Amino acid sequence: MDMNNSKVICRMLGYVGVSQVFTIPGNGTIWLSDLECGGAEDSIVDCRHSGWWKTSNCTHDQDVAVTCNLADAPHFQISSSNDITDSAVIINLAKAAKPLDERLKSTYQFVVEKGLEIPSPTTSCTNASVETCSTITKTVFNDSYIAAELPASPNDASSFTIGDSLYYHDYHNIPLEPGCVYRVHVRIVTIAMDGVISNRENYQLSLMFISIICK
């Protein structure tokens, strides 16, 4: 399989590019052979091939696998303390380093985790006096929700307000609670093209996060 075929397969499944192509023997029905794509097609349905199930000249020793690249989730930041209020915070999304294929349907999902401070059995003391000892606490994030889902614009910088109390694609962007610690993730969701494979969502999680303590 050449790189043009691989590009179309990854695009059809909702991925942004090819990471690796390798041969790996499989089993079961061989669906397609002699695939010839130009590299710009949306799906292998649009490419030349010998016909579905017309694979009598094929063996599983010729099976090929493709590893596809994930889209880059946007990096983001809080520009200043003025962007934080009692119940909301404005995050600014950075322009994508690598432009996303405009043919891919994609959305941003804003995921919020609420933290709970749990006292630790360990104490910190400044001297031998018990009166000067204090309990160490740690924050555990175990309460998460999707605050919003919006059409992605990875090729343009933009901003979004976490906690504005509005609804976005049936997700409630609930106000933040003062004094609580929050962690925010932004992930990009790319959706497969129409074709042999039915549409499905590829959740690609950003590795960036911000801890927020509302005023």
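Keep in mind it's a predicted model, so treat the numbers as computed, not measured.

Student: Run through the pattern of salt bridges, naming residues and quoting values.
Tutor: Note on pairing: side chains with opposite charge can pair once their charged atoms come close. What the rule picks out here adds up to 3 salt bridges. Across the salt bridge formed by E36 and R48, the nearest N and O atoms sit 3.8 Å from each other. With E36 in the loop between β1 (17-23) and β2 (64-69) and R48 in the loop between β1 and β2, this residue pair connects regions lying 12 residues apart in the sequence. K114 serves as the salt-bridge partner of E177, at 2.9 Å between the closest nitrogen and oxygen.

Student: Just give me the short version of the packing of aromatic side chains, but keep the residues and values in it.
Tutor: Within this structure, the stated rule accounts for 2 aromatic pairs. With a centroid separation of 4.3 Å and 25 degrees between ring planes, the pair formed by F110 and F160 is classed as stacked. Of this pair, F110 sits in strand β5 (residues 105-124) while F160 sits in strand β7 (residues 158-162), and the two are 50 residues apart along the sequence. Residue classification places F160 among the buried residues on the basis of a relative accessible area of 6%. Judged by centre distance (5.2 Å) and plane angle (70 degrees), the rings of F160 and Y168 are edge-to-face.

Student: I'd love a proper account of a nonpolar patch on the surface, names of residues and values included.
Tutor: On the surface, a nonpolar cluster with roughly 310 Å² of combined accessible area is contributed by M1, M3, V21 and V64. The topology assignment puts V21 in strand β1. Its relative accessible area of 31% is what places V21 among the partly exposed residues.

Student: Go over the state of the cysteines, please, and point to the residues and values.
Tutor: For the coordinates displayed, the defined rule picks out 2 disulfides. Across a sulfur-sulfur distance of 2.0 Å, C10 and C68 are joined as a disulfide pair. Disulfide C10-C68: the torsion about the S-S bond is -85 degrees, which places it as left-handed. Note that C10 is positioned in helix α1 (residues 3-12) and C68 in strand β2, a separation of 58 residues in sequence. Classification of C10 by relative accessible area gives buried; the value is 0%.

Reading guide: rules and limits
Residues numbered from 1 in each chain as written. Predicted model: local features only at pLDDT ≥ 70, side-chain atom pairs only at ≥ 80, totals over all residues. Heavy atoms only, no water. Salt bridge = Lys/Arg side-chain N within 4 Å of Asp/Glu carboxyl O. Helix = DSSP H or I, 4+ residues; strand = E, 2+ residues; numbered from the N terminus. Phe/Tyr/Trp six-rings, centres within 6.5 Å; stacked < 30°, edge-to-face > 60°. Buried < 20%, exposed > 50% of the residue type's maximum accessible area, 1.4 Å probe, protein only. Patch = residues over 30% accessible without salt bridge, like charges linked within 9 Å, V, L, I, M, F, W, Y side chains within 5 Å. Areas by Shrake-Rupley, 256 points an atom, 1.4 Å probe, with all protein chains shown as cover. Disulfide = S-S within 2.5 Å.

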